[in-house]
Amino acid sequence: MSEGMRVRMRVDGAEIAADVDRPGESLLTSLRDRLGLTGSKNACEQGECGSCTVLLDGLPVCACLVATAQCEGREVKTVVGAVPRPVRDAFVACGAVQCGFCTPGLLVSVADLLDREPDPDDALIREALAGNLCRCTGYEKIIEAVHVAAEAMSDGVPRVPARSHLHHNQWINVTTFPRGDAETGEDTP
Amino acid sequence: MTTPALTAPAFHRPADLADALAHLAEHPGAVPIAGGTDLMVAVNYRRARPEAMLDLTGLAELRAWSDEGDAIRIGSGVPYARIVAELATVLPGLAAASRTVGSPQIRNRGTLGGNLATASPAGDGHPPLLACGARITIASTAGTRTVAADAFFTGPKRSVLEPGELITAVTVPKAAGPQQFLKVGTRNAMVIAVCSFALSLDLDARRLGTGIGSAGPVPLRAREAERIDLPWADPRRFDDALAAEFGRRVAAAASPMDDVRGTADYRRHALAVCAARALRRVWAAAHTEGSGR
Ligand SMILES: Cc1cc2nc3c(=O)[nH]c(=O)nc-3n(C[C@H](O)[C@H](O)[C@H](O)COP(=O)(O)OP(=O)(O)OC[C@H]3O[C@@H](n4cnc5c(N)ncnc54)[C@H](O)[C@@H]3O)c2cc1C
Ligand code: FES
Ligand code: FES
């Protein structure tokens with residue numbers, strides 16, 4: 001197939017045309033290698049890790065498993081366009097980012113979760129994030145970050161990341177810090 | 001800069017089902033793509049290099065379900081996430097199985113049509129379809145045919161689907177009693193079943209329906225287990241021994257093998273446990289005060 005084809009879609013609010021030269025080219029490949037939009041990460045290309053998660057017409061999907069040609073006329077949101085500020089801030093503030101490779105995918109999944117469930121419990125968070133693997137954090141800080149982001153979004157008070165004049169685990173404006181079940185210290189349902 | 005023409009055969013987005021079938025008849029090499037959660041893995045790893053693809057995601061006919069009175073007709077392109085969200089009350093077994101598929105990202109894309117066409121012995125959609133007596137509608141330019149779920153699979157990754165045919169719908173009888181789906185895996189998400197078991201209890205017909213997954217070349221029914229004598233007239237006579245006997249019959253119906261996910265012996269054992277548990281659960285649910293249906 002030498003002629004190639006052009007696919008038009010909306011990516012993070014902008015009308016974009018991607019020329020692909022084989023029908024099975026993935027949205028992830030088009031975003032990263034053709035359009036230079038490297039926010040979505042490539043770690044497995046088999047749907048297992050979630051680091052390529054984007055919103056396609058509002059739903060989280062693995063960009064590596066979507067054929068770009070399926071996106072004609074559709075709306076794609078990457079980590080650049082899908083994630084409210086408080087979610088990003090909470091991840092930084094909580095130490096939910098270490099190497100950062102999983103972070104864009106997780107942020108998109110969390111943005112979708114908080115859009116549907118403004119105050120999710122741990123069980124809901126775990127189910128919603130089951131498709132996003134993280135090799136670094138052990139997930140606890142990610143779950144904390146979701147709670148912190150939920151709180152910030154509900155009361156409008158930003159939790160900004162620590163600055164150098166504070167200790168690394170202190171934040172400005174943090175009043176409460178949900179950490180699972182206060183009685184037992186358990187955070188699994 | 002020239003705008004390359006959208007080459008019609010290479011990636012076709014049909015306007016409707018008739019267009020899709022006509023295209024497939026004309027271009028037998030075109031590979032249908034629905035959610036892409038099986039196909040794109042193969043494409044990304046160069047195990048498949050389709051010259052041409054046929055996109056099913058834009059076909060409204062395949063993406064809707066309808067209430068047919070005593071059954072639900074599910075378009076082959078309805079993703080799992082919608083089965084879970086919209087059909088859990090009428091089709092609890094299929095919804096429970098759908099909820100175990102992959103992750104939210106996979107459930108937002110993956111479809112029953114793709115699950116059936118792939119015909120993996122481990123496909124989680126299959127056991128509940130067997131247990132419920134679902135029927136699969138298949139269309140081509142030659143017409144439409146309907147196949148019972150337990151006659152659809154012919155071997156590992158093989159089915160009665162012929163070139164030029166598309167799965168258009170799966171018709172699943174509404175639950176007439178409690179249903180269960182149990183799946184054994186190494187964790188609670190993103191797991192290919194080591195083995196799985198679906199059970200449906202039909203209180204009106206006083207009948208059991210079974211489906212075994214990942215423990216044979218194709219998903220299986222446990223017919224001897226379905227024929228077990230249950231104390232319908234005096235439900236309190238149900239006991240653990242009866243459940244255990246049911247489990248033994250289900251395990252005997254399986255023909256598992258050893259592979260990376262588990263041994264044949266382990267699968268048989270796990271199936272017996274799952275089946276006994278499933279039967280205890282549906283029986284209790286059916287006969288608990290106020291449980292209704
Ligand atoms: C990370 C990951 C986890 C997974 N977990 C599970 C799991 O837990 N359980 C499970 O069962 N599966 C799982 N799968 C496999 C897959 O998600 C399912 O089999 C899914 O149902 C496939 O549907 P699809 O729409 O994505 O199919 P596609 O990939 O689009 O298509 C699969 C095949 O079916 C054909 N096809 C699709 N639709 C039709 C149709 N209507 N008519 C005829 N042919 C058709 C295609 O040509 C292709 O050959 C997983 C996959 C991934 C990547
Ligand atoms: S790169 Fe898409 S899920 Fe891993
Ligand atoms: S922060 Fe390194 S993989 Fe998650």
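Look up a bit, the structure's there.
Conventions adopted
Residues numbered from 1 in each chain as written. Chains lettered and ligands numbered in written order. Predicted model: local features only at pLDDT ≥ 70, side-chain atom pairs only at ≥ 80, totals over all residues. Heavy atoms only, no water. Helix = DSSP H or I, 4+ residues; strand = E, 2+ residues; numbered from the N terminus. Contact = heavy atoms within 4.5 Å. Buried < 20%, exposed > 50% of the residue type's maximum accessible area, 1.4 Å probe, protein only. Pairing = 2+ DSSP bridges. Phe/Tyr/Trp six-rings, centres within 6.5 Å; stacked < 30°, edge-to-face > 60°. Axes fitted to C-alpha atoms, helices over the stretch in contact; angles between N-to-C directions. Near = heavy atom within 4 Å. Polar contact = N/O pair within 3.5 Å; in protein donor to acceptor, adjacent residues only side chain to side chain. Areas by Shrake-Rupley, 256 points an atom, 1.4 Å probe, with all protein chains shown as cover. Nonpolar A, V, L, I, M, F, W, Y, C, P; charged D, E, K, R; others polar.

*Asks:* Looking at this structure, how should I read the side chain of Ser40(A)?
*Replies:* Inspection of the secondary structure puts Ser40(A) in the loop between α1 (27–34) and β3 (53–56). Once you skip the residues sitting within four places of it in the chain, Ser40(A) turns out to touch Leu28(A), Leu31(A), Arg32(A), Ser51(A), Cys52(A), Val54(A) and Thr78(A).

*Asks:* Got a minute to help me understand the pairing of strand β5 (residues 71–75) of chain B in this structure?
*Replies:* On a regular strand, each side chain points to the face opposite its neighbour's, so the side chains alternate between the two faces of the sheet. Residue and element names in this part refer to chain B. Most of β5 sits out of view: four of its five residues are buried. The pairing of strand β4 (residues 65–67) with β5 spans three bridges and is antiparallel. Paired with Asp 67 across the strands is Ile 72, a residue of β5. Where β4 folds back on β5, the antiparallel hairpin that results is connected by three residues, among which Gly 69 adopts a positive phi of roughly 90 degrees.

*Asks:* Help me understand the packing of aromatic side chains, please; the structure alone is not making it clear to me.
*Replies:* Each aromatic ring pair is characterised by the separation of its centres together with the angle its planes make. All names here are of chain B. By the definition in use, this model includes four aromatic pairs over all chains. A ring pair is formed by Phe 152 and Phe 153, whose centres lie 5.1 Å apart and whose planes are at 85 degrees; its orientation type is edge-to-face. As far as the burial class goes, Phe 152 and Phe 153 line up, both buried. Three or more aromatic residues link up through ring pairs in this structure, and these residues are Trp 232, Phe 238 and Trp 283.

*Asks:* Just checking my understanding: could you explain the sheet that holds strand β13 (residues 207–213) of chain B for this structure?
*Replies:* Consider a sheet: its strands pair through backbone hydrogen bonds, and that pairing is either parallel or antiparallel. Residues and elements named next belong to chain B. Taken in spatial order, the three strands line up as β11-β12-β13 in an open sheet, and their pairing is antiparallel. The open sheet terminates on both sides in strands that have one partner only, identified here as β11 (179–184) and β13. Here the strands of the sheet are splayed against their neighbours by 10 degrees on average, with no regard to which way each runs. One ladder, built from seven bridges, connects strand β12 (residues 195–202) with β13; its direction is antiparallel. The residue of β13 that forms the bridge with Asp 202 is Arg 207. Running at roughly 25 degrees to β12, helix α10 (residues 264–287) makes contact with β11, β12 and β13 of the sheet.

*Asks:* How should I be thinking about the site of ligand 1 in this particular structure?
*Replies:* Among the 37 residues in the neighbourhood of ligand 1, the closest are listed as Pro32(B), Thr37(B), Asp38(B), Tyr80(B) and Thr111(B). Lying at an intersection of chains, ligand 1 is approached by residues of chains A and B. The contact in question runs from an oxygen atom of ligand 1 to an N or O atom on the backbone of Pro32(B), over 2.6 Å. Interatomic distance of 2.9 Å between a side-chain N/O atom of Asn115(B) and an oxygen atom of ligand 1. Look at ligand 1: alone it shows 980 Å² of surface, and the protein chains cover 90% of it. Contributions of two or more residues to the shell around ligand 1 are made by β2 (31–33), α2 (39–44), α6 (112–118) and β10 (166–173) of chain B. By residue number, the principal contributor to the shell around ligand 1 is α6(B), which donates five residues. Considered class by class, the residues forming the shell around ligand 1 number 18 nonpolar, 15 polar and four charged.

*Asks:* I'm lost on the sheet that holds strand β1 (residues 5–11) of chain A in this one. Help?
*Replies:* Residue and element names in this part refer to chain A. Across the sheet, which stays open at both edges, the five strands sit in the order β2-β1-β5-β3-β4 with mixed pairing between neighbours. At either margin of the open sheet sits one strand with a lone partner, and together these are β2 (14–20) and β4 (59–62). Pairwise comparison of adjacent strand axes, ignoring direction, gives a mean angle of 40 degrees for this sheet. Contacting β3 and β4, helix α4 (residues 103–116) runs over the sheet at an angle of about 40 degrees to β3.

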